[in-house]
Amino acid sequence: MALKIVKGSIDRMFDKNLQDLVRGIRNHKEDEAKYISTCIDEIKQELKQDNIAVKANAVCKLTYLQMLGYDVSWAAFNIVEVMSSSKFTYKRIGYLAASQCFHESTDVIMLTTNQIRKDLSSPNQYDTGVALTGLSCFVTPDLARDLANDIMTLMSHTKPYIRKKAVLIMYKVFLKYPESLRPAFPRLKEKLEDPDPGVQSAAVNVICELARRNPKNYLSLAPLFFKLMTSSTNNWVLIKIIKLFGALTPLEPRLGKKLIEPLTNLIHSTSAMSLLYECVNTVYIDVNTPPLPSLSLSLCLYLSLPPQLCVQKLRILIEDSDQNLKYLGLLAMSKILKTHPKSVQSHKDLILQCLDDKDESIRLRALDLLYGMVSKKNLMEIVKKLMLHVDKAEGTTYRDELLTKIIDICSQSNYQYITNFEWYISILVELTRLEGTRHGHLIASQMLDVAIRVKAIRGFAVAQMATLLDNAHLLTGNMQRMGICEVLYAAAWICGEFSEHLENPMQTLEAMLRPKVATLPGHIQAVYVQNAAKLFATVLKSQEGNTDSTAAQETSQLMIDRLPLFVQSANLEVQERASCILQLVKYIQKLQQKDVEVAEEVSALFAGELNPVAPKAQKKVPVPEGLDLDSWINEPPSESESEDEQPKAIFAKEEPKHSRPRREEVDEKELAKRREARKQEQANNPFYIKASPSSQKVYQEAPGVEHIPVVQIDLSVPLKVPGLPMSDQYVKLEEERRQKERAEKKKKEKKKRKEKRSGRGKKHDSGPESEEDITPAHQVDIVTEEMPEWSIITSYIFIKTKSYCVTVHVCSSRPLADSEKLPVRSHRAAEAPKSPTEDGDATSQEPKKKSSKEKREKKKDKDRDRKVRISTGLFLCLLGNHSHLILVSSGLPGINKCIQKSKLVFCFLPLTKVYDIQGNLQDGSQVVVSVIFENKCDSFLKSMEFNVLDSLNSKLQRPEGSGPHDGLTVPFQLPPGVSNEARFVFTVQSIIMPQKLKGTLTFIVKNEDSSTHEKLDFKLHFTCTSYLITTPCYSDAFAKLLESGDLKCSSVRLEGVNMPFHHLLARICFHHHFSVVERIDSCASMYSRSIQGHHVCLLVKTVSIDAKCDEPTLLGNVLDEIKQTFSQC
Amino acid sequence: MQFMLLFSRQGKLRLQKWYVPLCDKEKKKITRELVQTVLARKPKMCSFLEWRDLKIVYKRYASLYFCCAIEDQDNELITLEIIHRYVELLDKYFGSVCELDIIFNFEKAYFILDEFLLGGEAQETSKKNVLKAIEQADLLQEVTQECQTPPFTMKMNI
């Protein structure tokens, strides 16, 4: 035994210690990995020994290797061994290793509970301390639960060294095991008045952190903290206390009044910048951040502190030579800007100075601030400064940042601050000269936006764009500048679309057809080609007016010469457009040679004006019933994620409750308020009201476009785009314009004043120029609320496309066997099955025929009874088992001639809403019925009204404001022989039963001599099948579904069916919207899903179908319908 | 505070302390990313940067970068103060500390840090108290170490 010990200690002398390891690693720079792997092998050997000192040494080395990024999790158990050593030296190393290497998923942690408990109660305070420190790093919920009580006891330990650590670690315990907060809280509160300042500061720390998460429960501590705040001189503590008050004051405004004095004193007296910064930051900012976003009032208001005081202090920070203070000052300033823009704006000079700073992060902060500081008055000046910086900037990132900021600043809130758009266009053009910017598309979209929306500017914009196009080679000169060539996209489009404003369209046309264009990216070439055509139309128009027709022919020849270049393009879009236009031009040339005037027709190709659509247009699209936009599409994230916020829940159980109703309440009041505010804003917004003619006139009087020379370019000077006006000019022009306006206003005011003086003698001073006094030179088209009629139509088209999507989906996912004769698949379908023999070959059409025949028979009887009514006899019904098709029926004998020939085709499609398409079919409750009206008679049909008698379950969706019995006007008239389609949306609540709806169609038949009012009755038949949507399903998901046990079972026998099995399947797929999941010989599983998300599963054999569905009624009906399909074939 | 990193100008990690539980992979990723970002900054730039949803406060002392990650509402200046305070503590303990001191006595550097910060919060604002605690713990360590060395030294001690 003794020998063994001696041997062990001799071995130890040759072991590497940490220093040796570090030295070794430093000496093996080339083969570090190899060296370390031998070291790890040695460590593994060392860990196998009994000697604890050797083990501790090994663990210490491992800790170092862990930091270098090596995995040491395999040694976790050895670490625990070292931790449990009775010697402080080793224990210390063990705990250090544990705190560095352990994390929540380390499984040996649960072995440590008792060891830690033992150490916590050790008589040696350093043992306890080391255990507490280690625990703070790797505490798990289990450890927290098991040790909470021990730590709580330590909070009242005799040694402040332990108390302090225990208090701090309690915070970690609260996070992991929130239940401990309530019992521990009284003791924690006690510690706020601990005689030891360290313990006190620890308690303040913990409570401040807790209060940040949920301030409400700590309001009662306010007086205590107030006392601490006024008595403490420790800045660390003060900072925490101020933070705490920042969270408390919004809940208890009275606190604010008490805080004014001590806070102001602190701000004035403290020399610690960190404390000052905290004061300013908390007072102005924290209130606006969650958890109290609803209280947008800043603390300042509660405190009635003048914001100037803080801003003044911040100015001192920003003016400091220390970069850190400068940065923080700007950061805080940008936060104050949100609540007190006025008080910040006066420091514009300082902010602009910061743009010159060496430090990029400071410059970026200053840029952020500028965004909020612009006004109509200073926009041009600020942007001018920024443009200077753009020229000076070295790094492309910073320059790009500047560029986006300039555009952001100018375009913010609908170009609110721009008074002169000519200036803005020239700024944009100047920006195109930037080398290597990524933001070409941004500039392009701005150009497009301005040119489209500011009508008055179009002439100017077009001239500028034409110059750009002419100088395109400068932009595309080298490949590095490819980003900027996006601008040409905008330029080409603007020149084409507004070509009537071009001074020399021919020149621009030539510029657009240069061979060099072919080097541009495809999408830009495409725009070039298309707009060359537009220009061509304009040029033709101007040339045809002349007597000489050769010019026009030359233009055509130019197009024919140049376009083949684009026809050869590899880009499909370019190629397609070019070959189209080339053919067109060739045809035009032929006509020209015959001296036919074509200009009118050609320009008709591009006629029509573009109208802007309001950003809120979507609002006008009614939200379909049953679509809850607030509901979760997926399950909301489970509570487990918010576990670390649970302390909140303990003390504030009411909180989640009040949040909801409150929001609604706010909503209504807020809405009214906002509406009022908006009206006010609109009234004040010069952009909103049609600009008064006077301001337009002023603009025209100003020395504007005419003065700007559009000079021919000199190709040898490629650095600047010549001929473009400098934006600076506009600053001057704008000054003049404003002065003029001011002068006019003064004149007027003088007049007024004179009048007033003579009348009442009251003095009225105009004062300095205010924001509102600056009228814009141009008017922006801003469509905010009103929307042109057609946008409703657009939305309708949108719906339409969606339903088509479904059709396509159904068809494409289910290809049919060749032998399967398709029934008429288009909604235009449908010869009326006047006699059963007529379509006897189309087997699948039979059921429809039959049922309609039956009904027709019945109807006939009725009609014979009531011969007085002229219009009956035509009815329609819809058969679900013909998927989205169709039923036709036509006039019956003995009825008015014209109706006899008129024909209605009904088409039925389930409408899936946007998110349905995306795969979520829950909650579908809408179907769209598409009706084709075809006029078969010789008269004109008009004023058609479609009406359906709503049932409890199914309702026709009518526009808002109309009664439940009003009909829907069909939005078209039908000349003889014409057909057209209308769609009607139905809301269906339950889809488990088939439905029949009665309806009428009224219309006026207009002959040459007379017009009569007619009426047709019809029936709509919604089958259950029609609510199913073909949904693909994987076999494993299918198996899971069947195993889940939620599905009810049912089955049906197919008798007398003798067709090949695959025909049978195809038929079910086609008629009943199923998809095959798996097929094994003559047995197949099939799946479909209803629009409301019911699963329908079938097991099809040759003679029977077993079926499962979560809704038995639906299943029964579907099976009945399937049976019907097969019984009739 | 979420974590503290010490790394050299060459990007070698010298010390790491995490106050939030993260897996090793994530820690490595964050470290690599941050070291790169901080080293790329020019010397005259300010000590703060926004990174993900955290604020990074760093300061360079000789060849070592001290880098802390704090939450949005935390005070940058006081964090800078913490870094400075820690450097002062190291300085006092090692007597004008250099990078090699930290490399070769990295466990001591951790012990000092643990006495100064606990769970990411400053536990002791008085430098004197921290140093006293460390000295006493070291004393204890020496005593235990001497206990296990051969008996004759023990006799000498007595």
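Source: prediction; values computed, not measured. (Residues numbered from 1 in each chain as written. Chains lettered and ligands numbered in written order. Predicted model: local features only at pLDDT ≥ 70, side-chain atom pairs only at ≥ 80, totals over all residues. Heavy atoms only, no water.)

**Q** Tell me about the overall build of chain A, and please be specific about residues and values.
**A** Broken down by element type, chain A carries 46 helices and 15 strands. For chain A, with 1129 residues in total, the buried portion stands at 52%. Across chain A, every contact between residues at least 6 apart in sequence was considered, and the portion connecting residues at least 24 apart equals 70%. For chain A, the accessible area works out to roughly 54400 Å², and carbon and sulfur atoms hold 53% of it. (Helix = DSSP H or I, 4+ residues; strand = E, 2+ residues; numbered from the N terminus. Buried < 20%, exposed > 50% of the residue type's maximum accessible area, 1.4 Å probe, protein only. Contact = heavy atoms within 4.5 Å. Areas by Shrake-Rupley, 256 points an atom, 1.4 Å probe, with all protein chains shown as cover.)

**Q** Which residues make up the packing of aromatic side chains, and what values go with them?
**A** Enumeration according to the criterion identifies 17 aromatic pairs over all chains in this entry. With a centroid separation of 5.9 Å and 90° between ring planes, the pair formed by Trp493 of chain A and Phe498 of chain A is classed as edge-to-face. Taken as a pair, Trp493 of chain A and Phe498 of chain A share a single burial class, namely buried. When the centroid spacing of 5.5 Å and the interplanar angle of 75° are considered together, the rings of Phe106 of chain B and Tyr110 of chain B count as edge-to-face. You can see Phe106 of chain B and its partner Tyr110 of chain B sitting in helix H4 (residues 106-116), four residues apart, about one turn around the helix. You'll find Phe106 of chain B and Tyr110 of chain B in the same group, each marked buried. Members of the aromatic cluster, joined through ring pairs, are Tyr415, Phe421, Trp423 and Tyr424 of chain A. The lysine or arginine in question, Lys44 of chain A, covers the ring of Trp74 of chain A, its NZ or CZ lying 4.8 Å from the ring centre. (Phe/Tyr/Trp six-rings, centres within 6.5 Å; stacked < 30°, edge-to-face > 60°. Lys NZ or Arg CZ within 6 Å of the ring centre and 35° of its normal.)

**Q** Give me the lowdown on the packing of helix H45 (residues 1061-1072) of chain A against helix H46 (residues 1112-1127) of chain A, citing residues and values where you can.
**A** The geometry of a pair of packed helices is captured by two quantities: the angle between their axes and the separation between those axes. Residues and elements named next belong to chain A. At a minimum axis distance of 11 Å, the contact between H45 and H46 shows a crossing angle of 125°. In terms of orientation, H45 lies oblique with respect to H46. For the element pair H45 and H46, the recorded crossing hand is right-handed. Listed contacts from H46 to Leu1064, Arg1067, Ile1068, His1071 and His1072 of H45 are Glu1121, Ile1122, Thr1125 and Phe1126. (Axes fitted to C-alpha atoms, helices over the stretch in contact; angles between N-to-C directions. Parallel < 35°, antiparallel > 145°, perpendicular 65-115°, else oblique. Left-handed = near helix turned anticlockwise from the far one by under 90°.)

**Q** Could you give an account of the nonpolar core, naming the residues involved and the relevant values?
**A** Phe102 of chain A together with Tyr86 of chain B are the most contacted members of the largest nonpolar core, which totals 278 residues. Per-element accounting of this core gives the leading share, twelve residues, to helix H31 (residues 522-544) of chain A. Ignoring sequence-local partners within four residues, the contact set of Phe102 of chain A consists of Ala76, Ile79, Val80, Met83, Ala97, Val108, Ile109 and Phe138 of chain A. Val988, Phe1003, Phe1018 and Ile1091 of chain A belong to the second-largest nonpolar core, a separate cluster that totals 30 residues. (Core = buried A, V, L, I, M, F, W, Y, C linked by side-chain atoms within 4.5 Å.)

**Q** Could you give me a rundown of the interface of chain A and chain B, with the residues and numbers involved?
**A** Between chain A and chain B, the residue contacts involve 60 residues of the former and 57 residues of the latter. Summed over both partners, the interface of chain A with chain B comes to about 5700 Å²; 55% of that surface belongs to carbon and sulfur atoms. Counting the surface chain A buries against chain B, the share from its top three residues, Met67, Arg92 and Trp236 of chain A, is 15%. Inspection of the chain A/chain B interface yields six salt bridges. In this structure, Arg212 of chain A and Asp74 of chain B form a salt bridge, with 2.9 Å as the shortest nitrogen-oxygen distance. (Buried area = accessible area lost by both parts, 1.4 Å probe. Salt bridge = Lys/Arg side-chain N within 4 Å of Asp/Glu carboxyl O.)

**Q** Help me get a handle on the sheet that holds strand E8 (residues 995-1006) of chain A, residues and values and all.
**A** The pairing of strands in a sheet happens through backbone hydrogen bonds and is either parallel or antiparallel. All names here are of chain A. Strand order in the open sheet formed by four strands is E6-E4-E8-E9, and the pairing between neighbours is antiparallel. Strands at the two margins of the open sheet, each flanked by one partner only, are strand E6 (968-969) and strand E9 (1011-1022). Both E8 and E9 contribute to a ladder of twelve bridges, which runs antiparallel. Residue pairing in the sheet places Lys998 in a bridge with Lys1019 of E9. (Pairing = 2+ DSSP bridges.)

**Q** Any chance you could break down empty space enclosed by the protein for me, citing the residues and the numbers?
**A** Summed over the entire model, instances satisfying the criterion amount to eight cavities of 30 Å³ or more. Estimates place the volume of the largest cavity at around 160 Å³. Around the largest cavity, the lining comprises 19 residues; the ones closest to its centre are Val130 and Thr133 of chain A together with Phe111, Asp114 and Glu115 of chain B. When residues of the lining of the largest cavity are traced back to their parent elements, those giving at least two are helix H6 (88-101), helix H8 (125-138) and helix H10 (160-176) of chain A together with H4 and helix H5 (127-148) of chain B. Considering only residue class, the lining of the largest cavity consists of ten nonpolar, four polar and five charged. (1 Å grid on protein atoms, 1.4 Å probe; cavity = no way out; pocket = protein on both sides within 12 Å on 5 of 7 lines; lining within 4 Å. Points joined across faces, edges and corners; volume = space filled by probe spheres on them. Nonpolar A, V, L, I, M, F, W, Y, C, P; charged D, E, K, R; others polar.)

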